[in-house]
Amino acid sequence: MQQFLNSLLQQRKQDNLYRIRQTHSSIQSPILSINGQAYLSFSSNDYLGLASDNRLKIAWQDGAEKYGIGSGASHLITGHTLAHQALEHELALYTKRERTLLFSTGYMANLGVVTALLGRHDSVFLDRLNHASLVDAAKLSLAKMYRYSDMQTLEYLLAKSTSNHKLIITDGVFSMDGKIANLPKIVELAKVYNAWVMVDDAHGLGVIGETGRGTVELYNFGVTEVPILMGTLGKSFGVFGAFIAGSKLLIETLIQLARSYIYTTALPPALIESVRKSLAIIIEESWRQKQLQGLISYFREQAVSLPLMESCTPIQPIILGDSITALTVSKELYKRGIMVTAIRPPTVPKGTARLRITLSTLHTKEQVDRLITALMEIIPNH
Ligand SMILES: *Cc1c(COP(=O)(O)O)cnc(C)c1O
């Protein structure tokens, strides 16, 4: 086996796809401490700057006083507390859906809902850019999987499908592009071809839409248009975990059938209390979202001569093409004390390796200026 593993890893290195973990020793914030050095980071999903908020910390501590540390069991045994119950209720109000169900991670929420709803006689339609967890969910469901890269293809695939059930799944905001999905067209096609729609809004929730309720708010889509909504609690919410929002019937079905819900330990109640605080802050402090929007506009104005993508979200990738260039630029930035992750295949399609810049409410304009100045120097013939 050692030999096999060595050759696997050797190949990754040759392809410039070898990944390493950057260890830091600070709170999650725009400044990370690595080996005692301060780095300016543009690589977190903590869009609203809540991951290091003191009020969340206090809520966590109070939660620990009240409930202890571990939840001790799965939700269907003795792991479901009043804290979980309250958060599910509050998230239902927030997403304007009848009910929600907490999952330990977004990955598990996606696996749980797709495998609960689909089987081998069904079909699932995924955008080519969808998050890996959705692809894995589709595979695990045993449904026929179709990938589309534009709306014409989606329509063609839907039209010729004769499956019992059809489910279209899209990211709300594509995690590596920052683009917002064409939900109006997807919803229209779903209606025509009698398909269901699921939106994974991991990167939209808290950020997109008039009050930050995500891509479904942007298009004013309720449970009729988007019956299955997935949200994560580790990005804008700054904590950890995920949920599915939908009708009472959908949630009740998931409680009975979603294996990644049933067969796992419930999230620690103290963590849940921290998420509840986070949700209250997101609702109360709408300036966080506004300030972030301002920073996104500022970044795009200043970086106009760089190869930006069409993105109005905090995800602002710079496409560099091959993996080596992306890695080189990322390393050069690092030498200058700036952290931006190079994203390479298979996370993104071949030939589209990129820097994935993410902005947070906590970044200052001066920090954005510093990034752009460095990018202008490093990126060849921009
Ligand atoms: C992060 C992410 C997930 C996974 O969520 P976790 O809670 O981190 O497991 C799922 N879908 C998308 C689009 C994501 O960006």
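Counting from 1, residues in each chain are numbered in the order their sequence is written. Where totals are concerned, whole chains, interfaces and linings use all residues; where local detail is concerned, this predicted model gives features only for residues with pLDDT of at least 70, and gives and counts side-chain atom pairs only at 80 or more. With hydrogens and water set aside, each side-chain value is computed from the structure's full complement of heavy atoms.

### What about the environment of K350?
Each helix corresponds to a stretch of at least 4 residues labelled H or I by DSSP, and each strand to a stretch of at least 2 residues labelled E; elements are numbered beginning at the N terminus. Within the secondary structure layout, K350 lies in the loop between β12 (341-343) and β13 (353-358). Only protein chains enter the accessibility calculation, which uses a 1.4 Å probe; a residue is then buried when its area is under 20% of its type maximum, exposed when over 50%, and partly exposed in between. Take K350: its relative accessible area is 79%, and that puts it in the exposed class. Distance in space between the C-alpha atoms of K350 and L9 is 19 Å, their sequence separation being 341 residues.

### Section: the site of the ligand
Inspection of the region around the ligand gives 14 residues, with G106, Y107, D200, H203 and K235 positioned closest. Y107 places a polar main-chain atom, nitrogen or oxygen, 3.0 Å from an oxygen atom of the ligand. Between H203 and the ligand, the recorded distance is 2.5 Å, taken from a side-chain N or O atom to an oxygen atom. Among the elements of the structure, α5 (106-117) and β8 (228-232) are those that each provide at least two residues to the shell around the ligand. The leading source of residues in the shell around the ligand is α5, at three residues. Summary of the distance rule: residues count as near a molecule or strand when at least one heavy atom falls within 4 Å of that molecule or strand. Counted as a polar contact is a pair of N or O atoms within 3.5 Å, where, for protein atoms, one must be capable of donating a hydrogen and the other of accepting one, and residues adjacent in sequence contribute only when both atoms are in side chains.

### Description of the packing of aromatic side chains
Within 6.5 Å between ring centres, the rings of Phe, Tyr and Trp (the latter by its six-membered ring) count as paired, and their orientation is classed by plane angle as stacked under 30 degrees, edge-to-face over 60, tilted in between. On inspection of all chains with the given rule, the structure shows five aromatic pairs. Judged by centre distance (4.4 Å) and plane angle (10°), the rings of Y39 and Y334 are stacked. Residue Y39 is located in strand β2 (residues 37-41), and its partner Y334 is located in helix α14 (residues 323-335); the two are separated by 295 residues in the primary sequence. In this analysis the charged atom, NZ for Lys or CZ for Arg, is taken to sit over a ring once it is within 6 Å of the ring centre and within 35 degrees of the ring normal. Taking NZ or CZ as reference, K13 lies 4.6 Å from the ring centre of Y18, over its face.

### Points about the domain arrangement of the chain
Much of the literature gives interface size as the accessible area that the parts lose upon coming together. Domain annotation of the chain identifies domain 1 (20-52 + 286-378) and domain 2 (71-267). Using C-alpha coordinates to define each centre, domain 1 is positioned 27 Å away from domain 2. Contact criterion: two residues are considered in contact whenever any of their non-hydrogen atoms come within 4.5 Å of each other. Each partner contributes to the interface: domain 1 provides 24 residues, whereas domain 2 provides 21 residues. Buried area is understood as the total, over both parts, of accessible area removed when two parts are fitted together, assessed with a 1.4 Å probe. With both chains or domains summed, domain 1 and domain 2 bury close to 1,600 Å², and 60% of this area falls on carbon and sulfur atoms. The working definition used for a salt bridge is a side-chain nitrogen of Lys or Arg within 4 Å of a carboxyl oxygen of Asp or Glu. For the pair domain 1 and domain 2, the number of links is one salt bridge. In this structure, D177 engages R354 in a salt bridge whose closest nitrogen and oxygen atoms are separated by 2.8 Å. If you look at where domain 1 meets domain 2, you find nine residue pairs in polar contact (both at pLDDT 80 or more). Those elements that provide at least two residues to the side of domain 1 that touches domain 2 are α13 (287-302), β10 (315-321) and β13. It is α13 that contributes the most residues to the side of domain 1 that touches domain 2, four residues altogether. Split into classes, the residues belonging to the side of domain 1 that touches domain 2 amount to 13 nonpolar, six polar and five charged. Just so you know, the domain bounds were taken from an automatic or database domain assignment. The classification used treats Ala, Val, Leu, Ile, Met, Phe, Trp, Tyr, Cys and Pro as nonpolar, Asp, Glu, Lys and Arg as charged, and all other residues, Gly among them, as polar.

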